[in-house]
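A structural walkthrough
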Amino acid sequence: MKKLELKKADVQQLVDAAINNGKSIKPNVIDWLRQVDDLKKEADAIFRHMENVKMNCLNVRLPNLKSHYLLGRDADKRKNAAQKLLSEGQFDEVGYTAPLEKMSFSESTLLLEEGLPTLMSTKKEVMRVLEQDKTNLIMICGMAGVGKTTLVNQIADQVKYGKLFYKVAMLTMSKNPSMRNAQNRLAEQLGVQIPAHIDGARFGQTIYNRLSGRVLVILDEIWKEVDFKSLGIPVSEKIKVIVTSQSPCVCRNMGAKIVGVNALPEEEACYLFKAVAGISDDSVLSDVAKQFAEECKGIPLALVVVARGLRTNCKTLKSWELALGQLQKYTFRELEGEKDLVYSIVEWSYDNLEKVEAKSLLLLCSLFPEDYSIPVECLVRYGKGLELFNERDTLGDVRCRVDVLVNDLRSYHLLLDDSEREDHVKLHDVMRETCLKIASKGEHVFLVGNAREEERHQLPDSFGPYTAISLTLEGSIRLFPFGEECPRLKLLRLVFQSGKVNLSKDAFEGMEDLRVMELNNSHTEFSLSWPGQMLTSLRTLCLDYCVLDTGTSSMLGYMMQLEMLSFFKSRLQGDQFPVEIGRLSNLKSLDLRVERSQQPLPHGILSSLKKLEELYMGSPHHLRLGRDKEEERGCLDEIASLSCLECLQIHVYDLNLLFQLLHQLPIQRLLRFHIVGADHKINRRYLTREYQFRNSFELIYYRYHKRRFVFKQALDPIVSSIVKRAENLTFEGVPCLRNLVSDLDEDGFVNLRRLKLDHEVHQCLIESTTNLVARQVFENLVFMELDHVNLEEICRGNLPPRCFSQLREMKLKYTNIKHLWKGPIEPPSLCSLRIVELRYCHRIVTLFSQSTLKCLVKLQKLVVHQCTNLESIVTREESVNEEVLELPLLETLVMQESGCLCFDSKRETARAFLNQVSLPRLEGLQIKTCRHRPKELVGDGMHSGYLENLKYLQITDSCIGCIAKADGVTILQNLQKLVVNSHGMQLLFEFEGLKVHVLTKTELEILPKLESLELQQSSGLTHIWRNFPRGVRVFQNLRKLIVWECKLLKFLFDPPCVANMLVSLEVLEISDCSEMYGVIGGELGEDQISQEDDAQQQDIVGKHRESSALERSNKLEFVFPKLSSLILIGLPNLLSFAGSSREECELKFPCLTHLKILQCRQLKKLCPGKLDAPNLEKVEVVENAIPVDLKDRKFIFLRDSAASDFYRRKIWELS
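Note that the structure is predicted; figures quoted are calculated from it, not measured.

1. Description of the overall build of the protein
Summing up its helical and strand segments, the protein has 28 helices and 62 strands in all. Each of the 1215 residues in the protein was classed as buried or not, and the buried ones make up 55%. Residue pairs in contact within the protein that sit at least 24 positions apart in sequence constitute 75% of those at least 6 positions apart. As displayed, the protein has an accessible area near 53100 Å², and 48% of this comes from carbon and sulfur atoms.

2. Topic: the pairing of strand β32 (residues 809–813)
The side chains of a regular strand alternate, residue by residue, between the two faces of the sheet. Side-chain alternation along β32 places Met-810 and Leu-812 on a buried face and Glu-809, Lys-811 and Lys-813 on a face that remains uncovered. In terms of strand pairing, strand β31 (residues 783–796) meets β32 through five bridges, oriented parallel. Its bridge partner being in β32, Leu-786 is matched across the sheet by Leu-812. Where β32 and strand β33 (residues 835–839) come together, five bridges link them in parallel fashion. Paired with Glu-809 across the strands is Ile-835, a residue of β33.

3. Focus on helix α5 (residues 117–130)
Between its first and last C-alpha atoms α5 spans 20 Å; for 14 residues at 1.5 Å apiece the expected length is 20 Å, and the two agree. Here α5 has its buried residues at Leu-119, Met-120, Thr-122, Lys-123, Val-126, Met-127, Val-129 and Leu-130.

4. Some remarks on the packing of aromatic side chains
Under the definition given, this model contains 20 aromatic pairs. Pairing Tyr-814 with Tyr-840 gives two aromatic rings, centres 4.5 Å apart and planes at 0°, and the pair type is stacked. Here Tyr-814, found in the loop between β32 and β33, pairs with Tyr-840, found in the loop between β33 and β34 (846–849); they are 26 residues apart in sequence, far enough to count as distant. Given a relative accessible area of 36%, Tyr-814 falls into the partly exposed group.

5. Regarding the nonpolar core
Residues Phe-778, Phe-804 and Ile-963 are the most contacted members of the largest nonpolar core, which totals 223 residues. Look past the residues within four positions of Phe-804 in its chain and what remains in contact with it is Ile-766, Val-777, Phe-778, Leu-781, Met-784, Ile-794, Leu-799, Trp-821, Ser-829 and Leu-830. Of all hydrophobic cores here, the second largest spans 94 residues; its members include Leu-361, Tyr-412, Val-425 and Phe-446.

6. A closer look at the sheet that holds strand β9 (residues 257–260)
For sheets, the rule is that strands pair by backbone hydrogen bonds, running either parallel or antiparallel. Taking strand neighbours across the sheet as the criterion, the five strands line up as β6-β7-β8-β5-β9 in an open arrangement whose pairing is parallel. At either end of the open sheet lies a strand with only one pairing partner, and these are β6 (167–172) and β9. On average, adjacent strands in this sheet sit at an angle of 20° to one another, irrespective of strand direction. As paired elements, strand β5 (residues 137–141) and strand β8 (residues 239–245) share five bridges and run parallel to each other.

7. Quick word on the environment of Leu-937
Looking at where Leu-937 falls in the secondary structure, it is placed in strand β43 (residues 936–938). In this structure Leu-937 comes out as buried when scored by relative accessible area, which is 1%. As a C-alpha pair, Leu-937 and Gly-968 span 31 residues in sequence and 9.4 Å in three-dimensional space. Every residue in contact with Leu-937, bar those within four places of it in the chain, is listed here: Ala-912, Phe-913, Leu-914, Leu-925, Ile-927, Leu-953, Ile-955, Ile-960, Cys-962 and Ile-963.

8. Considering the confidence of the model for the protein
In low-pLDDT segments, the atomic positions of the prediction should not be examined closely. Summarising the model, the protein shows a mean pLDDT of 80, and 80% of its residues fall at 70 or more. In the model, residues 1083–1114 has pLDDT below 50 throughout and makes 59 contacts with residues more than four positions away in sequence or in other chains.

9. Digging into the pattern of salt bridges
Oppositely charged side chains can pair when the atoms bearing their charge come close. Evaluation of the coordinates by the stated rule reveals 42 salt bridges. In this structure, Asp-591 engages Arg-593 in a salt bridge whose closest nitrogen and oxygen atoms are separated by 2.8 Å. With a relative accessible area of 1%, Arg-593 lands in the buried category. For Lys-995, the salt bridge identified is with Asp-967, shortest N-O distance 3.0 Å. Placement of Lys-995 in the loop between β47 (987–990) and β48 (1004–1006) and of Asp-967 in the loop between β45 (962–965) and β46 (977–981) is noted, with a sequence separation of 28 residues between them. Residue classification places Asp-967 among the partly exposed positions, given a relative accessible area of 29%.

10. As for the sheet that holds strand β20 (residues 547–548)
Judged by pairing direction, the sheet is parallel, and its five strands sit side by side in the order β16-β18-β20-β22-β24 without closing on themselves. Each edge of the open sheet is held by one strand with a lone partner, namely β16 (500–503) and β24 (596–597). Where β16 lies against strand β18 (residues 523–526), four bridges are found, and the strand directions are parallel. The partner of Leu-503 across the bridge, within β18, is Phe-526.

11. Remarks on the pairing of strand β36 (residues 872–875)
Bridge count for β34 against β36 is three bridges, and the pairing is parallel. Paired with Phe-848 across the strands is Val-874, a residue of β36. In this structure, β36 lies alongside strand β39 (residues 902–904), joined through two bridges in parallel fashion. Directly across from Ser-872, in β39, lies its bridge partner Cys-902.

12. Re the packing of helix α17 (residues 376–385) against helix α18 (residues 395–411)
In contact at an axis separation of 10 Å, α17 and α18 are set at 120° when each is read in the N-to-C sense. Accordingly, the angle class assigned to the pair α17 and α18 is oblique. Relative to α18, the crossing made by α17 is right-handed. Along its contact with α17, which presents Val-376, Glu-377, Leu-379, Val-380 and Lys-384, the element α18 presents Leu-395, Val-398, Arg-399, Val-402, Asp-403 and Val-406. Looking at the contact of α17 with α18 residue by residue, the class counts come to seven nonpolar, no polar and four charged.

13. Quick notes on the packing of helix α11 (residues 266–277) against helix α12 (residues 286–295)
Running from amino to carboxyl end, α11 crosses α12 at an angle of 120°, the nearest separation of the two axes being 9 Å. Between α11 and α12 the crossing geometry is right-handed. Contacts between α11 and α12 involve Glu-266, Ala-269, Cys-270, Phe-273 and Lys-274 on the former and, on the latter, Ser-286, Ala-289, Lys-290, Phe-292, Ala-293 and Glu-294. Here the residues of the contact of α11 with α12 sort into six nonpolar, one polar and four charged.

14. Observations concerning the environment of Glu-878
Tracing the backbone through its elements, the reader meets Glu-878 in the loop between β36 and β37 (885–886). A residue is classified by how much of its surface remains accessible, and Glu-878, at 69% relative accessible area, is exposed. Residues Glu-878 and Gln-850, 28 residues apart in the sequence, show an inter-C-alpha distance of 9.8 Å.

Cut-offs and rules
- Residues numbered from 1 in each chain as written.
- Predicted model: local features only at pLDDT ≥ 70, side-chain atom pairs only at ≥ 80, totals over all residues.
- Heavy atoms only, no water.
- Helix = DSSP H or I, 4+ residues; strand = E, 2+ residues; numbered from the N terminus.
- Buried < 20%, exposed > 50% of the residue type's maximum accessible area, 1.4 Å probe, protein only.
- Contact = heavy atoms within 4.5 Å.
- Areas by Shrake-Rupley, 256 points an atom, 1.4 Å probe, with all protein chains shown as cover.
- Pairing = 2+ DSSP bridges.
- Expected span 1.5 Å × (residues − 1).
- Phe/Tyr/Trp six-rings, centres within 6.5 Å; stacked < 30°, edge-to-face > 60°.
- Core = buried A, V, L, I, M, F, W, Y, C linked by side-chain atoms within 4.5 Å.
- Axes fitted to C-alpha atoms, helices over the stretch in contact; angles between N-to-C directions.
- pLDDT = per-residue confidence, 0-100.
- Salt bridge = Lys/Arg side-chain N within 4 Å of Asp/Glu carboxyl O.
- Parallel < 35°, antiparallel > 145°, perpendicular 65-115°, else oblique.
- Left-handed = near helix turned anticlockwise from the far one by under 90°.
- Nonpolar A, V, L, I, M, F, W, Y, C, P; charged D, E, K, R; others polar.

Shown next, in the form of structure tokens:
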């Protein structure tokens, strides 16, 4: 054991080093360390027993030989286990570089890089086509299970990671998609709010108008041609679409660029199978694995499903061979094609599931629509109602059992995780169709589908054979009564999109064996004279998202077998609460989280439910516990009397009543709880958003004059017992908890995942200066928010080991701490931190020490707002003063209204905000109202790659002198949008000192990807740049240029050769620039051209089209090939657009359609020479101020007040 402990110490050092470098630890290493820890515990137990096993003999204590023999035998077994672990503990590497979290690649992604060149080639082809400007619609075509969805998921991840598009949206289409639902999902993913009355083409146009960049939309698995105009996707250069489909006809008819996805070649199929099954080439299973791969015919889905199942269930060669024989029986049947082969292999995987309950749960998942996010809670309710589990099991047991089965199905790749919603799963469309096929024969017969009012005839004439029916109904479809007996029907799920459902007394006639019924999203009215014999065998009834009128109570009174009843998010409209609930003596779960109830909960209902295990009460906003305090107290007494209660969700708006309930309840018996206590009515509507929840406790107190009383309540042992088990904890207004850890949970909150403190007073959260601190403190905390907290420091003393090791998001607002952390911090503490936000923390001076950066390897977002005393983000350490500071994954940096001098505290670099700082993934940088005045944003210590991913830069009310100088301007090569609103900035870029190789034919491109430039209220701005050199090209992709209230700016494009570089400019808007004489600068702009160029260099760079035009001819020509909108407002000194009085000057606007001129008194002629604007028909202008070269156009006459309206709109947009 001593050797094993030394070996473990060595491995642990490697693990710590890997975590320190931002790597993830390999699962086999984690498992080895766990086994070593378990073995050590067993060995320690043996040593302790060896000391104690003695017996009395003639009043003498002698060793017990039998016990010693047994313990020695156990020790020998542990010795062999230790030797085995020693031999297994030889790890070349313990960590690996995991994919970025935002790139949620599937398991096969890493395999694609190495062993699947066919799929990699297909992926590269799609990316190549996607980058072509002329191709806006791409169709990926292939059979079911061939990997189309995996492919587009990876493309979406790569596009997001590479920022090729501003937004990416992905929708899965069903065979009969609801266009409105698809439109809503599209708008949600694109972050666009669309009014409910806008749909169709107007919807698409609204999206198009509100998006500021290129968009990629992916439609997965379409079954027929898509009307993009109806869906709301205006396919264009701005919005590109990728579509996947199994139908070659659909692909051809849509006129898209088609990319085919085929089955894998034999060698690649074998590679994928072995990789998923965990088989090496020299394994005894290698040959039989190759045969399995051949049976799967190169179809990735089949390969993965079969490999996952075998890896879990088969451990020996003989079991693999037996499984191969079974699979061949499925694949040798008469099949129509490869599609049937996939279904047969999935069916084989289903049949090979060892647990009957797992098969049943998988079939239940097929009752939901395609790509539906399936709540695991629904599977619990359905499974309990259908009696899939032992009748003696409690609901807690059933829920644990369902969780285990769902995890098993995930591991077999038969169920998929829902990446967007916790405790939800999804079913692949091939799996769903296979399950429905299985459920169409034998003991199961399912009916699943959608039906609109006009499609009622598509439903079967007879419902008699079905065991489960799941329908989504649109419109007022008359479905009840079914018209005949349904003797086999056990589950009925109906989701209504609209309309009122009147259920007559014979609506469910003939359904004597119905066990589960869910009516969802309907306005339902039950018959007042409900027949007593109907639905008496029902076990689960879910009336969720419904409006329930009169008759509900009479219907419930006869369901004596009912075990689970839910009114989740429903409205109880009747003039009395359904009191018949009290007669349901077998009820185990009652969900009263209603949207609204006109009547309070009557006395005596809860106390009569002796078998109740789960109670969900919501908040008094939705359902009152009584008409007065006395009735509320009585209701809580009833809850406390429920001897079987294991799950409770409740809000109590009286702390005395809450603590009365907590003392009466056996808290330790509660397996699940969500308890909210407050001394006043609060709005917590969002808490009823989901079925499931984590163990949560909230204590909210705002009556300050009784704080001494609430302090005693907060330190009540019953609070500590709840807090220790809570995963989510919220304290608001709870006073005088000096040290959160020692006062409430001396064990260190090991279960806590989310912590929120609001209006609190603490000296610190953690006190580590004494030896009393727990070994594990906040080790599993994921989210922490401190709002209006009088807090001196987060941790007094050094941060305990592994503290905050899982913390991902931290928000501080109105706190008075000076430093986030003090003392050394070692990984893995803070190594998971992704988001840090600080607002109104006026005393904080610095955020991180230089050594802390090594822990912030995953930090993605940093926001600082109104921290007026902040001097720097990072404090440099003297020993590593020249080291480049790096935050490798930081994507967003926002500094608003802070006193931050620069990124780091090195005073000699304070002339630049960023210097010797590497932020390779930074995408957005916003700086607003920094009190100090760095001379520039980007210093000369910044090198290529340090800001290589920066896309968006906004500088507002800052004293920064300019953005960059000399070679610093080349750092921003990927910038796409620049917004400057700063009185202190005199110029954007200083080119003096820029190294330009003018002897080469290649021009140096500056800001080549910039698409939008906005200069707003920059009253000190005199130049866009100074010392513009030859051999440089700027703004070639600029599409939108807005200049507003730049009082000192005399010319916009200066030198004039810049004007001819704007080949992509579409919108130009200039307003309220009182000193501007011309949009284009002087004739040659000598004052702005660098004096370093000699005559020889001028001749060489004369190959520029622009320079040639200026130097070979006296005729000046400026062409704006894509400019469509030109607005000139409030330019009192503007003489002409061209800025030249030479009559030879010519302006060409081939695409100009919109021109507006207001308050430009000196503008007598737009162009001194010839104006060429063939598509300009109408001009907006004041009647008595028409430039002479526009006399032949049609006019829309404006009043001078139109300029004031324009300015008001600009101010509103800016605010």
